[in-house]
Amino acid sequence: MNKISQITRQNIFDFIQVEGFWWAGRLEESNFLSRMFDLENMPSYDSRFPNAAGDIWQHRVNNYDWEDNWIFNDDRFNLLNCHDSKLLDFLCEMIHPLVRANIEEVNKLLQIFNDNLAEDNFEIVEKTRISNKPIFVGRIKINGKESIEKKGKEIKQILNADYVSQQINLMESSIENSPHISIGLAKELIETSCKSIFDEREEEYDKNWDLPKLMKETTKLLKLTPDDIPNEAKAASSIKQILGSLSSVVQGIGEVRNEYGSGHGKDGKFKGLQPRHAKLAVGAASTLAIYLLETHGLKK
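So, here is what we can say about the structure in this document. (Residues numbered from 1 in each chain as written. Predicted model: local features only at pLDDT ≥ 70, side-chain atom pairs only at ≥ 80, totals over all residues. Heavy atoms only, no water.)

1. Things to note about the nonpolar core
Here's step 1: Trp23, Leu33, Phe77, Phe90, Phe113 and Ile124 are the most contacted members of the largest nonpolar core, which has 39 residues in total.
Here's step 2: Secondary structure elements with two or more residues in this core: helix 1 (6–18), helix 2 (29–34), helix 3 (52–62), helix 4 (84–94), helix 5 (103–117) and strand 1 (122–130).
Here's step 3: The next biggest cluster of nonpolar side chains, apart from the first, holds 26 residues, and it includes Phe198, Met215, Val250 and Leu288. (Core = buried A, V, L, I, M, F, W, Y, C linked by side-chain atoms within 4.5 Å. Buried < 20%, exposed > 50% of the residue type's maximum accessible area, 1.4 Å probe, protein only. Helix = DSSP H or I, 4+ residues; strand = E, 2+ residues; numbered from the N terminus.)

See the structure below:
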């Protein structure tokens, strides 16, 4: 059963039309729809044509006798009742950089979509970038996502690398739709943070180190091992306990990634973890990365 209501869908369609946005952007209508639908195998409403592709050409190009916003009422596409994922795909394609070049239009449409989708606990977010233009994906809103996204922003500011920003964007946006990808990227985030610390300190690391070994050597480099905390320090035992648990967190993320993440091929019976598990891995990895990078910054 769909979770995005007909009321929400109709409100979005009404806003699109009232604001004067052309749903196909700079593409021909058939070209736009072909990005999501197999027009060659969809029925025609005109007996002279074998499929929807010919039907659309006849009435939108040759005769031009359908109204401009016919798509919102066409039962073949059924946008008012289609599966939630198909509706989200349609909306994301409307603001794809190949479809719409004007960033102001993209931002306005994104605001319209998210203001309405929020009523049903959905949202459209940036997944990655191409030619420095955003690619979007629809998803169920992540509870507590503000905390995860805040951590991601902090890491981006510290590392200041396009690659890291893209990885964090993908990690965050995949939590609901592709948890296994988020889990794999959580492990990679820790690896990237550790290696960046070595590089900035002009210290060498072995490319063959596994994640626990890389983490162990990074904590040594930063003098974060329990042995580096003097016994006379206030709350020394608590600090040592926390630092000693870092290796367990890293090992746990590495093991989850190996079993359920995106780094290894799975058999046909594979069942991935749930989004809540991905949120745990992403949250732990982000917190750990920030701690390491901030400590590195303070001790440089």
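2. As for the packing of aromatic side chains
Here's step 1: The tally for this structure, following the rule as stated, stands at 13 aromatic pairs.
Here's step 2: Aromatic pair Trp23 and Trp70: ring centres 5.9 Å apart, planes at 80°, arrangement edge-to-face. In this pair, Trp23 sits in the loop between helix 1 and helix 2 while Trp70 sits in the loop between helix 3 and helix 4, placing the two residues 47 residues apart along the sequence.
Here's step 3: Taking the relative accessible area as the measure of exposure, Trp23 reaches 0% and is therefore buried. (Phe/Tyr/Trp six-rings, centres within 6.5 Å; stacked < 30°, edge-to-face > 60°.)

3. Observations concerning the pattern of salt bridges
Here's step 1: One pass over the full model with this rule turns up 13 salt bridges.
Here's step 2: The residue Arg129 makes a salt bridge to Glu126 at a minimum N-O spacing of 2.9 Å.
Here's step 3: Classification of Glu126 by relative accessible area gives partly exposed; the value is 24%.
Here's step 4: Here Glu191 ties to Lys187 by a salt bridge, and the two come within 2.5 Å at their closest N and O atoms. Here Lys187 and Glu191 lie together in helix 8 (residues 179–200), a separation of four residues that amounts to about one turn. A single burial state applies to Glu191 and to Lys187, both of which are buried.
Here's step 5: Connected through salt bridges with shared partners, the residues Glu29, Arg60 and Asp68 form a single ionic network. (Salt bridge = Lys/Arg side-chain N within 4 Å of Asp/Glu carboxyl O.)

4. Structural notes on the packing of helix 4 against helix 5
Here's step 1: At a closest axis distance of 10 Å, the pairing of helix 4 and helix 5 adopts a crossing angle of 155°. The orientation of helix 4 with respect to helix 5, classified from their angle, is roughly antiparallel. At the point where helix 4 passes helix 5, the crossing takes the left-handed sense. Residues Leu88, Leu91 and Met94 of helix 4 pack against Leu109, Phe113 and Leu117 of helix 5.
Here's step 2: In terms of residue class, the contact of helix 4 with helix 5 is built from six nonpolar, no polar and no charged. (Axes fitted to C-alpha atoms, helices over the stretch in contact; angles between N-to-C directions. Parallel < 35°, antiparallel > 145°, perpendicular 65-115°, else oblique. Left-handed = near helix turned anticlockwise from the far one by under 90°. Contact = heavy atoms within 4.5 Å. Nonpolar A, V, L, I, M, F, W, Y, C, P; charged D, E, K, R; others polar.)

5. Things to note about unusual backbone geometry
Here's step 1: Within the chain, Asn78 stands out as a residue other than glycine whose phi angle is a positive 50°.
Here's step 2: Phi is positive for Ser131, close to 50°, though the residue is something other than glycine.
Here's step 3: Relative to the helices and strands, Ser131 is located in the loop between strand 1 and strand 2 (133–140).

6. Topic: the pairing of strand 1
Here's step 1: Summarising the sheet, strand 1 and strand 2 pair through eight bridges and their orientation is antiparallel. Note on strand 2: the bridge partner recorded for Ile124 is Gly138.
Here's step 2: In this antiparallel pair of consecutive strands, strand 1 and strand 2, the connection spans two residues, and Ser131 shows a positive phi of 50°. (Pairing = 2+ DSSP bridges.)

7. Observations regarding helix 5
Here's step 1: End to end, helix 5 covers 21 Å across 15 residues, agreeing with the expected 21 Å (1.5 Å per residue, within 8%).
Here's step 2: Inspection of helix 5 places Val106, Leu109, Leu110, Ile112, Phe113, Asn116 and Leu117 among the buried residues, and these make up the whole buried set. In an axial view of helix 5, the angular spread of the buried residues amounts to 160°, which keeps them on one side of the axis.
Here's step 3: Of the surrounding elements, those touching the buried residues of helix 5 are helix 1, helix 4, strand 1 and strand 2. (Expected span 1.5 Å × (residues − 1). Arc of directions from axis to C-beta.)

8. Focus on helix 9 (residues 211–221)
Here's step 1: Considered for burial, the residues of helix 9 that qualify are Leu211, Leu214, Met215, Glu217, Thr218 and Thr219.
Here's step 2: For helix 9, the capping residue at the N-terminal end is Asp210, with a side-chain oxygen 3.0 Å from the backbone nitrogen of Lys213.
Here's step 3: A positive phi of about 55° marks Lys223, the residue just after helix 9. (Polar contact = N/O pair within 3.5 Å; in protein donor to acceptor, adjacent residues only side chain to side chain.)

9. Describing the environment of Phe13
Here's step 1: Turning to its location among the elements, Phe13 is positioned in helix 1.
Here's step 2: Owing to a relative accessible area of 1%, Phe13 belongs among the buried residues under this scheme.
Here's step 3: Excluding residues within four positions of it along the chain, Phe13 makes contact with Phe72, Leu79, Leu80 and Leu87.

10. Observations regarding the packing of helix 1 against helix 5
Any two packed helices are characterised by the angle at which their axes cross and by the distance between the axes.
Here's step 1: One can describe the packing of helix 1 onto helix 5 by two numbers: an axis separation of 9 Å at closest approach and a directional angle of 160°. In terms of their interaxial angle, helix 1 and helix 5 are classed as roughly antiparallel. Between helix 1 and helix 5 the crossing geometry is right-handed. In this structure, helix 1 contributes Thr8, Asn11, Ile12, Phe15 and Ile16 to the contact, and helix 5 contributes Leu109, Ile112, Phe113, Asn116 and Leu117.
Here's step 2: Residues of the contact of helix 1 with helix 5, tallied by class, amount to seven nonpolar, three polar and no charged.

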